[in-house]
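Fold and geometry: a report
Spelled out, the chains give:
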Protein chains: 2
Amino acid sequence: MSEVQEQTETPLSSILNEWPHLSQEDRLRRFRELDHDDKEDLFLSMPAREQGALMEEFSRAERRIWIRFLAPDDACDLVQELPENLRAEILSLVDETARREIIALLSYREDEAGGLMSPRFARVRPDMLVAEAIRYVRQQARVVDPIHYVYVLDSHQKLLGVISLRQLFVSPAERKTSDVMETELITIPDEMDQESVSRLFTQHRYVALPVVDAEGRMQGVVTLDDILDVSQEEATEDIQKLGGTEALDAPYSEVSFLQMIKKRGGWLMILFIGEMFTASAMHQFEDEIQRAVVLALFIPLIISSGGNSGSQASTLIIRAIALQEIRLRDWWRVFLRETGTGLCLGLMLATIGMIRILLWPNREQVYTEHYFLVSVAVAASLVGVVLFGSLVGSMLPFLLRRLKLDPASASAPMVATLVDVTGLVIYFEFAKIFLRGTLL
Amino acid sequence: MSEVQEQTETPLSSILNEWPHLSQEDRLRRFRELDHDDKEDLFLSMPAREQGALMEEFSRAERRIWIRFLAPDDACDLVQELPENLRAEILSLVDETARREIIALLSYREDEAGGLMSPRFARVRPDMLVAEAIRYVRQQARVVDPIHYVYVLDSHQKLLGVISLRQLFVSPAERKTSDVMETELITIPDEMDQESVSRLFTQHRYVALPVVDAEGRMQGVVTLDDILDVSQEEATEDIQKLGGTEALDAPYSEVSFLQMIKKRGGWLMILFIGEMFTASAMHQFEDEIQRAVVLALFIPLIISSGGNSGSQASTLIIRAIALQEIRLRDWWRVFLRETGTGLCLGLMLATIGMIRILLWPNREQVYTEHYFLVSVAVAASLVGVVLFGSLVGSMLPFLLRRLKLDPASASAPMVATLVDVTGLVIYFEFAKIFLRGTLL
């Protein structure tokens, strides 16, 4: 029983919690202090990048142990993280079969099904009896782990059917595997991108799915735990892009100072240059500001309201597109909907804004004797700007998708930048209309 | 072979792709047109909310079929989606055992381990021989699906060990289960919140983990496919909050107009009220603007740069905290780092800003004869504002976490709003310093 209660205090679990925060040096030291079983668990729990970093510091004997310990797909991921000069050495440390498997996997891109799959799976022939199949799978179980499904292949490696281990377990020993196998198959083409693979797993709740090449020949198996990583990575990338940076591709604390400046500075400069148009727009309205300085007071309030409503709309639409809840062709429906939402939200802010100006204690001093007209101009601008923000924010992701760009680039800062210039124009044009003959 | 090639054109797969975009009426019609196997696959692939919506429109006979078809944990999720008046009826349609299981699960919160788990799992006793255990598991396999692990329990239901189905498969028939079981267990307390459960699965790559109560008694099993949903939901919530809305809790197109206004309007009004302080801040500097209207030109540019750098910093930190890459106590390290990053990024923007002013063709007309001093004031403000933005953006998530609030509330719009007022003050104070005696 004690294992259950005390599991949180084992050396392994304490190191697992500390791990992300340790220096490379400490990681190596703490790793070497563990007993062999814990080392195995820890090594398996690390992302390939961290395994690679340790590998670089290991002795040759350690490298040999750990590269041989990994399944071919994980070994392939690790090799991809190593500097060129180490790759050949590491590959020379595994046996011929594994080397061939790893090299085959290296030919796939990291973000396609072939790059995610394990090339090892349990296979049987369609004419085997269940009892034979069980014996045959037991042999394979020494090198294949985990086994959730057993795949039925013909002599050309083409995939005919699937039997779950549980099904094999409960089927009568004398039946043929082809009689108990499932033939309505969900298969993954080996070049499918990882986002689509992830979607297949979300739609069909299987623990593993087979990967086949263009001729239907079985290539390997993608398991659900790989997909958990993929789905988390994709979400992280989207979140970082939505914040207006490039995806970091590594934990915050492991990104070098220079890398960080590059990932953030690029977008920040682009946004800054875009935002420079506000200075030009403002220049057009310098006369108006000169005549009625009170107008300047509301500039930040008005443009930020447009940015905020745009940020809301773009974020909701980007996530809905990523989850395939809405498609490109839904843009018109979304446009109509955001028109309604934007108008309604704009009216809410306009009301608050008017109340603030009309009820302000020393309103005539702060907002001039024409404070009522000022409040009308501000209110009208708020409706216009919030509506415009919602429309730009919701349509930009569709446009990017249409141009085959990543909708997540329609970040909150980018939408705000696009909306700011127009927001200024809307505001000053309304001001001209409502304040002509009084302040202007 | 044809199943493999043609799998994308089955009635089921076409309906799966259409599904999110169909009206409730069409869903019911299309569902009823399918053959029984496809109905089963489709029903399983739906989230509980959609199953519930169909259930409301089903006939009593259909309700009976489909509630009985679901495993108890999925049935429980469905029941939670139903209106009160339907729950009792639906519960009366399942047999006594299932009803007891579902009612037990209903007592857990949806977002804790007990609410995620299935109460059905394969169990054996520690004194059973492997051959006996296999026979016993084969019997259980009729009601337990899937089986990935077999759990070894003592007579008080306490969890002693775990054997993978594969391990049971390859173990010698005459050994005792207690000799082949794994005793170093990762267990989930039944009240653990789903985010922590999700983290356990990411750390340890298992397909299923056992849930135990405070006395170590086995309660059920959480499987990896439940975690995939959890991790996607959590990411969606975080993304929506980062965009400055409340989490929608439903797909964009299924949220009613009123709900949408509520989810967006609340934050939008809070941000608007916060942003009103910019009007007060601007009022303090009305004299300066009156004397040097040129200063107004750069207001949007400067405050938006602060907002953008803040949005970058907060997004990166919020995601890093969510993935546990950084902890509360790392705040000081992050503070130092963001000081460096903010200064560097600020200098980059300041350089671009200065170049723009100094090289502008008719710079003396647009920026007055003191354009050099104006450019210095703008540049200094940019450094100050970007630095301040990075620091507020990076520290706010820590502060929220410290206050036990959700760090993801430090949305891009919220950080921008916080930074805007200070940005204005920084700008005008620098302007006063550099332009005293010339423009001011």
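This text gives an overview of the structure that appears in the document. (Residues numbered from 1 in each chain as written. Chains lettered and ligands numbered in written order. Predicted model: local features only at pLDDT ≥ 70, side-chain atom pairs only at ≥ 80, totals over all residues. Heavy atoms only, no water.)

Okay, the overall build of chain A next. From N to C terminus, chain A includes 23 helices and 6 strands. In terms of overall dimensions, chain A is more spread out than a globule: its C-alpha atoms have a radius of gyration of 30 Å, far above the 22 Å expected for 440 residues. Along the three orthogonal principal directions, the C-alpha set of chain A runs to about 95 × 50 × 45 Å. Relative to its 440 residues, chain A shows a buried fraction of 57%. Counting every atom, chain A has about 18,400 Å² of accessible surface; 54% of that belongs to carbon and sulfur. Across chain A, the mean location of the 44 positive side-chain charges is 4 Å away from that of the 64 negative side-chain charges. (Helix = DSSP H or I, 4+ residues; strand = E, 2+ residues; numbered from the N terminus. Rg over C-alpha atoms; globule rule 2.2 N^0.38 Å. Buried < 20%, exposed > 50% of the residue type's maximum accessible area, 1.4 Å probe, protein only. Areas by Shrake-Rupley, 256 points an atom, 1.4 Å probe, with all protein chains shown as cover. Lys, Arg positive; Asp, Glu negative; His and termini not counted. Charge placed at Lys NZ, Arg CZ, Asp CG, Glu CD.)

Between chain A and chain B, the contact holds 139 residues from the first and 140 residues from the second. For the pair chain A and chain B, the summed buried area comes to about 12,600 Å², and 63% of that belongs to carbon and sulfur atoms. Taken together, the links from chain A to chain B amount to 4 salt bridges. Note that Glu 338 of chain A is salt-bridged to Arg 264 of chain B, the shortest N-O span being 2.8 Å. (Contact = heavy atoms within 4.5 Å. Buried area = accessible area lost by both parts, 1.4 Å probe. Salt bridge = Lys/Arg side-chain N within 4 Å of Asp/Glu carboxyl O.)

What follows deals with the pairing of strand E6 (residues 218-223) of chain B. All names here are of chain B. The buried count for E6 comes to 5 of 6 residues, which makes it a mostly enclosed element. Here strand E5 (residues 208-212) runs beside E6; their pairing, made up of 5 bridges, is antiparallel. The partner of Pro 210 across the bridge, within E6, is Val 221. Counted along the chain from E5 to the antiparallel partner E6, the turn is 5 residues long, and its residue Gly 216 has a positive phi close to 80 degrees. (Pairing = 2+ DSSP bridges.)

This next bit is on the packing of aromatic side chains. Per the counting criterion, the structure on display carries 27 aromatic pairs over all chains. Ring centres of Trp 66 of chain A and Phe 69 of chain A lie 5.3 Å apart, and the angle between their planes is 85 degrees; on these two criteria the pair is classed as edge-to-face. Pair noted here: Trp 66 of chain A and Phe 69 of chain A are both in helix H6 (residues 60-69), with a separation of 3 residues, about one helical turn. Looking at Trp 66 of chain A, the relative accessible area reads 2%, which means it is buried. Residue classification places Phe 69 of chain A among the partly exposed positions, given a relative accessible area of 26%. Ring centres of Phe 31 of chain B and Phe 58 of chain B lie 5.7 Å apart, and the angle between their planes is 35 degrees; this geometry places the pair in the tilted category. (Phe/Tyr/Trp six-rings, centres within 6.5 Å; stacked < 30°, edge-to-face > 60°.)

We now examine the pattern of salt bridges. If you walk through the whole model with that rule in mind, you get 46 salt bridges over all chains. Arg 32 of chain B is the salt-bridge partner of Glu 62 of chain B, the closest N and O atoms lying 2.7 Å from each other. Of this pair, Glu 62 of chain B sits in helix H6 (residues 60-69) while Arg 32 of chain B sits in helix H3 (residues 24-33), and the two are 30 residues apart along the sequence. Residue Lys 241 of chain B is joined to Asp 406 of chain B by a salt bridge in which the shortest nitrogen-to-oxygen separation is 2.6 Å. Remark: Asp 406 of chain B occurs in the loop between helix H22 (371-402) and helix H23 (412-435) and Lys 241 of chain B occurs in helix H15 (residues 224-242); sequence separation between them is 165 residues. Take Asp 406 of chain B: its relative accessible area is 27%, and that puts it in the partly exposed class. Via salt bridges that share partners, Arg 27, Arg 49, Glu 50 and Glu 254 of chain A belong to a single interconnected network.

To continue, consider the relation of the copies chain A and chain B. Between chain A and chain B, which share one sequence, the superposing operator has a rotation angle of 180 degrees and an axial displacement of 0.0 Å; the RMSD is 0.1 Å. Here the two chains are linked by the operation of a two-fold rotation axis. The overlap is high: 100% of the interface residues of chain A also sit at the interface in chain B, so the same surface is used on both sides. (Least-squares fit on C-alpha atoms with pLDDT ≥ 70 in both.)

On to the side chain of Ser 314 of chain B. Residues and elements named next belong to chain B. Looking at the secondary structure, you find Ser 314 in helix H19 (residues 299-322). Its relative accessible area of 0% is what places Ser 314 among the buried residues. The residues touching Ser 314, leaving out its near neighbours within four places in the chain, are Gly 393, Ser 394, Pro 397, Ala 410 and Val 415.

Functional significance is not addressed by these values, which are geometric in nature.
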